[in-house]
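Coordinate analysis (summary)
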Amino acid sequence: MKELLTRFSELETPFYWYDLQLLDDTLAALNKANTEDYHVHYALKANNNPKILERIRKAGLGIDCVSGGEVKHALEQGFDPSHIVLAGVGKTDQEIAYAIDQNIFSFNVESIEELVVINEIAQSKGKRPNISIRINPAIDAGTHHKITTGTKENKFGISDEDLFASVDLIKSLKNIHFIGVHYHIGSQITDLTRFKNLAIRINEIQQGLIDKGIELPHLNVGGGLGIDYLNPDGNAIPDFEHYFKVFRDNLKLLEGQELHFELGRSIVGQCGSLITKVLYVKKSGQTNFLIVDAGMTDLMRPALYDAQHLAQNISSDSETQVSYDVVGPVCESSDVFNKGLVLPESKRGDLIAIRSAGAYGETMKNEYNLRPLAQGYYSE
Ligand code: LLP
């Protein structure tokens, strides 16, 4: 830690710090657990840092994108177009045309209208891209409501009532190639029975398709596996073995059918921390505020989803423990990282590590209040 503190003292705070060794270990654990050679597409939205993408590409993963910009970025980082999938409820005509031109592996289509538009654009180019239908399976992921995607109130996917209408329509659309079905029920899912429920529902839907004479070569179950935000050192690497086992044990794949995953957070979440400096220690009534130089502009998750990220004082070795509200400098009452967090007594200039910030940290940073953007650094 001493060595790291010396390095940290040379960098302008706040900044993101990535432990690339942990990323490599996580990727190795993922690949080891993937005994069936399932196709794992990393969800680029979680972290698009080139150094991180390089490791992910070298580990053999494909990419899950949600915009033309992400497809372009993935290609620039050396990912093979045949390993790229593109989802999103509102793909623009330009994004669709671009992805068709790049010959990506597949579009995950989220509405009947989108099927028609992709077909039209493909026809104008004399092409026939692969498409999967994203089905909203009406399965509750049991996670925060703002990161739940698979229930009827969510905007994502085609509802199962519209499934057969879509299938009938697809038969008449000559410029799309129907290869599979896609699901994604939500994010930060720590209760594996939610994935079991998904698998059981997929079997029912698949049987419905078989009854109609439709057997598809690909099935994509999305991502969503959660991480342990409260114990990042104790549980640095998610339990990929049990995660894959749930699908292996419960999903009835057709002969030769390929299974795809789209994992984001579970791959990169624990390898990143946001390092910030204490600006002021302020007492107000009974509350001790630790005012740090990182705010919700650097890491939005606590303000957006009431997310808990463990904050640790990495400078102080005081034996006195004090309860703090760790807050940022942004002019919003929601700019709070932790309430009532017990830390060693802290003072101006101490460095605080806000842990488990590798996923949906840097990618969601912004310049509200005209604050500069935090940079990312690495330990190899
Ligand atoms: N596939 C699709 C279609 C998705 O929409 C997502 C995430 C993933 C895969 C990857 O999910 P993961 O394995 O990372 O859970 N900003 C929020 C999370 C939003 C997730 C959006 N979709 C957060 O910070 O918690």
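Just above, that's the structure.
In what follows, the accompanying structure is described. (Residues numbered from 1 in each chain as written. Predicted model: local features only at pLDDT ≥ 70, side-chain atom pairs only at ≥ 80, totals over all residues. Heavy atoms only, no water.)

1. Side note on the site of the ligand
Taken together, the neighbourhood of the ligand is formed by 18 residues, with Ser187, Glu262, Arg301, Tyr305 and Tyr360 sitting nearest. Taking Gly224, its main chain carries an N or O atom lying 2.9 Å from an oxygen atom of the ligand. With respect to the ligand, the backbone of Arg265 contributes an N or O atom lying 2.8 Å from an oxygen atom. In the complex, the protein chains occlude 91% of the 600 Å² of accessible area that the ligand would expose alone. Counting only elements with at least two residues in the shell around the ligand, the list comes to strand 10 (258-263) and helix 11 (301-305). (Near = heavy atom within 4 Å. Polar contact = N/O pair within 3.5 Å; in protein donor to acceptor, adjacent residues only side chain to side chain. Areas by Shrake-Rupley, 256 points an atom, 1.4 Å probe, with all protein chains shown as cover. Helix = DSSP H or I, 4+ residues; strand = E, 2+ residues; numbered from the N terminus.)

2. Some words on the state of the cysteines
Summed over all chains, the structure comprises zero disulfides. Here Cys271 stays unpaired: no disulfide links it, and the sulfur of Cys65, its closest cysteine neighbor, is 19 Å away. Judged by relative accessible area, which is 4%, Cys271 ranks as buried. (Disulfide = S-S within 2.5 Å. Buried < 20%, exposed > 50% of the residue type's maximum accessible area, 1.4 Å probe, protein only.)

3. Re the layout of surface pockets
Empty space within the largest pocket amounts to approximately 680 Å³. Taken together, 35 residues make up the lining of the largest pocket; nearest its centre are Lys45, Thr149, Phe156, His184 and Tyr360. Those elements that place two or more of their residues in the lining of the largest pocket are strand 10, helix 10 (265-268) and helix 11. When grouped by side-chain class, the residues that make up the lining of the largest pocket number eleven nonpolar, 14 polar and ten charged. There are two domains that each give the lining of the largest pocket at least three residues, and those are domain 1 (2-14 + 270-379) and domain 2 (20-269). Within this model, the second largest pocket holds a volume of roughly 300 Å³. (1 Å grid on protein atoms, 1.4 Å probe; cavity = no way out; pocket = protein on both sides within 12 Å on 5 of 7 lines; lining within 4 Å. Points joined across faces, edges and corners; volume = space filled by probe spheres on them. Nonpolar A, V, L, I, M, F, W, Y, C, P; charged D, E, K, R; others polar. Domains from an automatic or database assignment.)

4. Things to note about the packing of aromatic side chains
Taken as a whole, this structure holds 14 aromatic pairs when the rule is applied. Between Phe8 and Phe15, the ring centres sit 5.4 Å apart and the planes meet at 70 degrees, which makes this aromatic pair edge-to-face. For Phe8, a relative accessible area of 3% gives the class buried. When the ring of Phe8 is compared with that of Trp17, the centres are 4.8 Å apart and the planes differ by 75 degrees; the resulting orientation is edge-to-face. Using a relative accessible area of 7% as the deciding quantity, one classes Trp17 as buried. Clustering of aromatic rings is evident, with ring pairs tying together Tyr38, Phe195, Tyr243, Phe244, Phe247 and Phe261. When the ring centre of Tyr378 is taken as origin, the NZ or CZ atom of Lys51, which lies over that ring, is 5.4 Å away. (Phe/Tyr/Trp six-rings, centres within 6.5 Å; stacked < 30°, edge-to-face > 60°. Lys NZ or Arg CZ within 6 Å of the ring centre and 35° of its normal.)

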